Amino acid sequence: FLEFAAGELCGSRDFVLELVKEQGLALKFAAESIRADREVVLAAVLSNGFALRSVSQALQADREVVECALRWDWRALRYAAPTLQVDPKLSLAVVQKNPMALQHMHADLRNDRSLVLAALRLCG
């Protein structure tokens, strides 16, 4: 709905904060400064992890923001900063949610013995 709102509402932090609590993806229509606001971004990714795609690069590199997005859906990892996409701890958390996610990870991670063993254990 934010895409149809007047520019003034798109720039209203309080309005966007309330909206993204229900519709996280609406963040992409917010003003750039709001997409860099940590509190607003956390609310958005908790509502919809794919909102991570619309946040500032700095917040795509913020571990807590990315972890919140991953709680919603492990596939949000693709919108994280490249350094976090290959982070072993985050990758382990993703594999623990869905062992099949290993096939979509960076080759270095698919060669990580402990990560592969964790996925195998979870698959039974």
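Since the structure is predicted, the reported quantities are computational estimates derived from the model, not experimental observations.

Attention now goes to the overall build of the protein. When helices and strands are counted, the protein shows 10 helices and zero strands. In terms of its C-alpha atoms, the protein occupies a principal-axis envelope of roughly 50 × 25 × 20 Å. Buried residues in the protein amount to 44% of all 124 residues. Accessible surface computed for the protein: about 7,200 Å², of which carbon and sulfur atoms make up 52%. Here the protein contributes 15 positively and 15 negatively charged side chains, and the mean placements of these two sets differ by 9 Å.

This part is about the nonpolar core. Ranked by internal contacts, the top residues of the largest apolar core, which has 36 residues, are Leu-27, Val-45, Leu-52 and Met-105. Only α2 (13-20), α4 (38-47), α6 (63-72), α8 (88-97) and α10 (113-123) provide two or more residues apiece to this core. When residues no more than four places from it in sequence are discounted, the contact partners of Leu-27 are Val-16, Val-20, Ile-34, Arg-35, Val-40, Val-41, Ala-44, Ala-51, Ser-54 and Val-55.

Next up on the list: the pattern of salt bridges. A complete count under the given rule lists eight salt bridges for this structure. The residue Glu-64 makes a salt bridge to Arg-38 at a minimum N-O spacing of 2.6 Å. Residue Glu-64 is found in helix α6, and its partner Arg-38 is found in helix α4; the two are separated by 26 residues along the sequence. Residue class for Glu-64 comes out partly exposed when judged on its relative accessible area of 38%. For Arg-38, a relative accessible area of 34% corresponds to the partly exposed category. Asp-87 is paired through a salt bridge with Arg-63; the nearest N and O atoms lie 2.6 Å apart. Taken as a pair, Asp-87 in the loop between α7 (82-85) and α8 and Arg-63 in helix α6 lie far apart in primary sequence, 24 residues in all. For Asp-87, a relative accessible area of 14% gives the class buried. Members of the salt-bridge network, linked through shared partners, are Arg-13, Asp-14, Asp-37 and Glu-39.

Three or more residues of α8 are buried, namely Leu-90, Ser-91, Val-94 and Val-95. End-on, the buried residues of α8 take up no more than an arc of 135 degrees, which puts them together on one face. Exposed residues on α8 whose side chains face more than 90 degrees from its buried face are Lys-89 and Gln-96. Turning to α8, the residues buried within the fold contact α6, α7, α9 (107-110) and α10.

Rules used in this analysis
- Residues numbered from 1 in each chain as written.
- Predicted model: local features only at pLDDT ≥ 70, side-chain atom pairs only at ≥ 80, totals over all residues.
- Heavy atoms only, no water.
- Helix = DSSP H or I, 4+ residues; strand = E, 2+ residues; numbered from the N terminus.
- Buried < 20%, exposed > 50% of the residue type's maximum accessible area, 1.4 Å probe, protein only.
- Areas by Shrake-Rupley, 256 points an atom, 1.4 Å probe, with all protein chains shown as cover.
- Lys, Arg positive; Asp, Glu negative; His and termini not counted.
- Charge placed at Lys NZ, Arg CZ, Asp CG, Glu CD.
- Core = buried A, V, L, I, M, F, W, Y, C linked by side-chain atoms within 4.5 Å.
- Contact = heavy atoms within 4.5 Å.
- Salt bridge = Lys/Arg side-chain N within 4 Å of Asp/Glu carboxyl O.
- Arc of directions from axis to C-beta.

Take it as geometry only, folks, not as evidence of what the structure does.
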